[in-house]
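Here are the chains, one letter per residue:
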Amino acid sequence: MAEWFQRLPGFRRTPAGIERTILRRLPKAWVYGSLLLMLPSLLVRLGGQAASEPGGTPAAMTVDILVVALIFLHWSIVLTVAIGAFIVMAMKGPAYAADAYPLEDAEAPDTNAPRWR
């Protein structure tokens, strides 16, 4: 299987850029961003009327729904950025030689094919 993956001779890896920094910081951004987005719901719950009633108020429920929606949006943004940074990191990896693809008419081109000028 090793013969399938032959690196191109003389090819140098591209140095790591900002994508590695982004990938290292994403877990913190995910956790801290999620906690920060939960703060409005916590403040409404600790506020006056929402804490005194067992079911909460409609305003507290509305805030909870918006907070959950924002948390899912935040998670999808973090995931999208992580996928993009990983793709950039993978594309900067080593180059490999492609398999030979013989052309069937390489020696005798089709003479009836239309020519574009």
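Refer to the structure printed above.
Residues numbered from 1 in each chain as written. Predicted model: local features only at pLDDT ≥ 70, side-chain atom pairs only at ≥ 80, totals over all residues. Heavy atoms only, no water.

Peer 1: Describe a nonpolar patch on the surface, with residues and values.
Peer 2: On the surface, W30, V31, Y32, L35, M38, V68, F72 and W75 cluster together to form a nonpolar patch covering roughly 810 Å² of accessible area. When residues in the nonpolar patch are grouped by element, the largest group, five residues, is from helix α1 (residues 18-46). Its place among the elements puts Y32 in helix α1. The exposure class assigned to Y32 is exposed, which follows from its relative accessible area of 57%. (Patch = residues over 30% accessible without salt bridge, like charges linked within 9 Å, V, L, I, M, F, W, Y side chains within 5 Å. Areas by Shrake-Rupley, 256 points an atom, 1.4 Å probe, with all protein chains shown as cover. Salt bridge = Lys/Arg side-chain N within 4 Å of Asp/Glu carboxyl O. Helix = DSSP H or I, 4+ residues; strand = E, 2+ residues; numbered from the N terminus. Buried < 20%, exposed > 50% of the residue type's maximum accessible area, 1.4 Å probe, protein only.)

Peer 1: Talk me through α1; I want residue IDs and the actual numbers.
Peer 2: Between its first and last C-alpha, α1 extends 41 Å over 29 residues, near the 42 Å set by a 1.5 Å rise per residue. Within α1, the axis deviates most sharply at R25, by approximately 40 degrees, and proline P27 lies no more than four positions further along. Looking only at α1, the buried set comprises E19, L26, G33, S34 and S41. On its buried side, α1 packs onto α3 (58-91). (Expected span 1.5 Å × (residues − 1). Bend = angle between axes of the 7 residues up to and from the residue. Contact = heavy atoms within 4.5 Å.)

Peer 1: Tell me about the side chain of S34, residues and numbers included.
Peer 2: Along the chain, S34 turns up in helix α1. The exposure class of S34 is buried, given its relative accessible area of 7%. Engagement of the side chain of S34 in a polar contact is seen with the backbone oxygen of W30, the distance being 2.7 Å. The residues touching S34, leaving out its near neighbours within four places in the chain, are A29, I71, H74 and W75. (Polar contact = N/O pair within 3.5 Å; in protein donor to acceptor, adjacent residues only side chain to side chain.)

Peer 1: Could you give an account of the packing of aromatic side chains, with specific residues and numbers?
Peer 2: Throughout the structure, instances matching the rule amount to two aromatic pairs. Look at W30 and W75: their rings are 5.8 Å apart centre to centre, the planes differ by 45 degrees, and that puts the pair in the tilted class. In this pair, W30 sits in helix α1 while W75 sits in helix α3, placing the two residues 45 residues apart along the sequence. On the basis of an interplanar angle of 90 degrees and a centroid distance of 5.5 Å, the ring pair of F72 and W75 is categorised as edge-to-face. With F72 and W75 both in helix α3 and three residues apart, this pair spans about one turn of that helix. A relative accessible area of 52% means that F72 is categorised as exposed. Grouped by ring-pair contacts, the aromatic residues W30, F72 and W75 constitute a single cluster. (Phe/Tyr/Trp six-rings, centres within 6.5 Å; stacked < 30°, edge-to-face > 60°.)

Peer 1: So, the side chain of E19: which residues are in play, and what are the values?
Peer 2: With respect to the helices, strands and loops of the structure, E19 is situated in helix α1. With a relative accessible area of 5%, E19 lands in the buried category. With near-sequence residues (within four places) excluded, E19 lies in contact with A85, V88, M89 and K92.

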